[in-house]
Amino acid sequence: MADNVKPKVRVPKTASAGEVITLKTLISHPMESGQRKDGDGNLIPRSIINRFTCDFNEQNVIDVTMEPAISTNPYFEFQAIVPETGAFTFTWYDDDGSVYTEVQEITVG
Amino acid sequence: MKFTRRETMLMALGATAATMLPGRAMADVDAKVAEFTGGAEIGEGGLTLTAPEIAENGNTVPIEVSAPGAVSIMVLATGNPTPGAAVFNFGPLAGAQSASTRIRLAKTQNVMAVAKMADGSFVQVSQEVKVTIGGCGG
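This report concerns the structure included in the present document. (Residues numbered from 1 in each chain as written. Chains lettered and ligands numbered in written order. Predicted model: local features only at pLDDT ≥ 70, side-chain atom pairs only at ≥ 80, totals over all residues. Heavy atoms only, no water.)

### Points about the overall build of chain B
(1) Moving on: Per the secondary structure count, chain B includes 2 helices and 9 strands.
(2) Moving on: Considering chain B as a whole, with its 138 residues, one finds that 39% of them fall into the buried category.
(3) Moving on: If you take every contact in chain B between residues at least 6 apart in sequence, the share linking residues at least 24 apart comes to 66%.
(4) Moving on: Roughly 7,300 Å² of accessible area belongs to chain B as shown, and the carbon and sulfur atoms make up 57% of that amount. (Helix = DSSP H or I, 4+ residues; strand = E, 2+ residues; numbered from the N terminus. Buried < 20%, exposed > 50% of the residue type's maximum accessible area, 1.4 Å probe, protein only. Contact = heavy atoms within 4.5 Å. Areas by Shrake-Rupley, 256 points an atom, 1.4 Å probe, with all protein chains shown as cover.)

Here it is, written out as structure tokens:
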């Protein structure tokens, strides 16, 4: 179980219709690769976030399959089209079944 | 001991070949690529992989992939015990077929990206990253 998992995302507050914006996301997570050993030489079991998705008003922007080579505190930067006022939903899926979500609204003016 | 230019070149080649053949991991890489492409032929061009030439800390190496017109892009750390890094699938609202993230590299190795284009073709690109301190514990 990963403790203190805290997602952070950066989304502009406003955009013009059809504008391409840059989104940045960071989530604190140890991303235990399953390769490390503890002090007694026992393998520490794998515990990572294995999937990240970003949707805007139910339409998919990006869907990332994550594997152990992704660093601790996974960071993603990507671009999205904003067709209308709405909300970005960011979702992270943990190996242990936990799901972390973050919602950010954006206004098209 | 003195080496001629030719001998020096041969030694360098030998050393490169030796570092590029870590048996099992390479087989994993091939399996990953085959799974992603379904055995289709892989071309080149149209895919950019941006990674540092030298990474001081293998625990967090910034990379960026970009392939205009791609449906998905797979990133592999070919020298890691488990080479898979990420697969980016772009949806209808993706503003550009590009993404940045940070990956772990166990040692100096080639980072590889394979993109699936909208027409079903595949392209690949790879770049060597020299790692001073490896990630992945170990």
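What follows continues from the structure just given.
### Section: the packing of aromatic side chains
(1) Moving on: Per the stated rule, a full pass over the model turns up 7 aromatic pairs over all chains.
(2) Moving on: Considering the side-chain rings of Phe76 of chain A and Phe88 of chain B, the 6.0 Å spacing of their centres and the 85° angle between planes classify their relative orientation as edge-to-face. Within this pair, whereas Phe76 of chain A is found in strand S6 (residues 75-82), its partner Phe88 of chain B is found in strand S6 (residues 84-90), the two belonging to separate chains.
(3) Moving on: On the accessibility criterion, Phe76 of chain A (1% relative accessible area) is buried.
(4) Moving on: Under the relative-accessibility criterion, Phe88 of chain B is labelled buried at 1%.
(5) Moving on: Put simply, the rings of Phe52, Phe76, Phe78 and Trp92 of chain A together with Phe88 of chain B pair up and form one aromatic cluster.
(6) Moving on: Here Arg102 of chain B stacks its cationic end above the ring of Tyr75 of chain A, 4.3 Å away from the centre of that ring. (Phe/Tyr/Trp six-rings, centres within 6.5 Å; stacked < 30°, edge-to-face > 60°. Lys NZ or Arg CZ within 6 Å of the ring centre and 35° of its normal.)

### Structural notes on the environment of Asn4 of chain A
(1) Moving on: With respect to the helices and strands, Asn4 of chain A occurs in the segment before strand S1 (7-10).
(2) Moving on: It is 31 Å that separates the C-alpha atoms of Asn4 of chain A and Thr85 of chain A, two residues lying 81 residues apart in sequence.

### Here's the deal with the sheet that holds strand S7 (residues 94-103) of chain B
(1) Moving on: Pairing is antiparallel in the open sheet, where 6 strands are placed in the order S1(A)-S3(A)-S6(A)-S7(B)-S4(B)-S2(B). For this open sheet the edge positions go to S1 of chain A together with strand S2 (48-50) of chain B, each flanked by a neighbour on one side alone. In this sheet, adjacent strand axes meet at a mean angle of 20° when their direction is disregarded.
(2) Moving on: Pairing analysis gives 4 bridges linking S6 of chain A to S7 of chain B, with the strands arranged antiparallel. Each residue of the ladder has a partner; that of Phe76 of chain A, found in S7 of chain B, is Thr101 of chain B. (Pairing = 2+ DSSP bridges. Axes fitted to C-alpha atoms, helices over the stretch in contact; angles between N-to-C directions.)

### Examining the side chain of Ser71 of chain A
(1) Moving on: Looking at the secondary structure, you find Ser71 of chain A in the loop between strand S5 (59-66) and S6.
(2) Moving on: At a separation of 2.7 Å, a polar atom in the side chain of Ser71 of chain A contacts the main-chain carbonyl oxygen of Asn59 of chain B. (Polar contact = N/O pair within 3.5 Å; in protein donor to acceptor, adjacent residues only side chain to side chain.)

### Considerations on unusual backbone geometry
All names here are of chain A.
(1) Moving on: Of note, the phi angle at Asn57 is positive, near 45°, even though the residue is not glycine.
(2) Moving on: Among the secondary structure elements, Asn57 is positioned in the loop between strand S4 (49-56) and S5.
(3) Moving on: A relative accessible area of 31% places Asn57 in the partly exposed class.
(4) Moving on: Residues other than glycine seldom take positive phi values, yet Asn73 does so here, at roughly 55°.
(5) Moving on: Inspection of the secondary structure assignment puts Asn73 in the loop between S5 and S6.
(6) Moving on: What makes Asn73 partly exposed here is its relative accessible area of 34%.

### Some remarks on the interface of chain A and chain B
(1) Moving on: Taken residue by residue, the interface counts 30 residues in chain A and 30 residues in chain B.
(2) Moving on: Summed over both sides, the interface between chain A and chain B buries roughly 2,400 Å², with carbon and sulfur atoms accounting for 50% of that surface.
(3) Moving on: Counting across the chain A and chain B interface gives 1 salt bridge.
(4) Moving on: Remark: the boundary between chain A and chain B carries 20 residue pairs in polar contact (both at pLDDT 80 or more).
(5) Moving on: Elements that contribute at least two residues to the side of chain A that touches chain B include exactly strand S3 (19-27), S5 and S6 of chain A. (Buried area = accessible area lost by both parts, 1.4 Å probe. Salt bridge = Lys/Arg side-chain N within 4 Å of Asp/Glu carboxyl O.)

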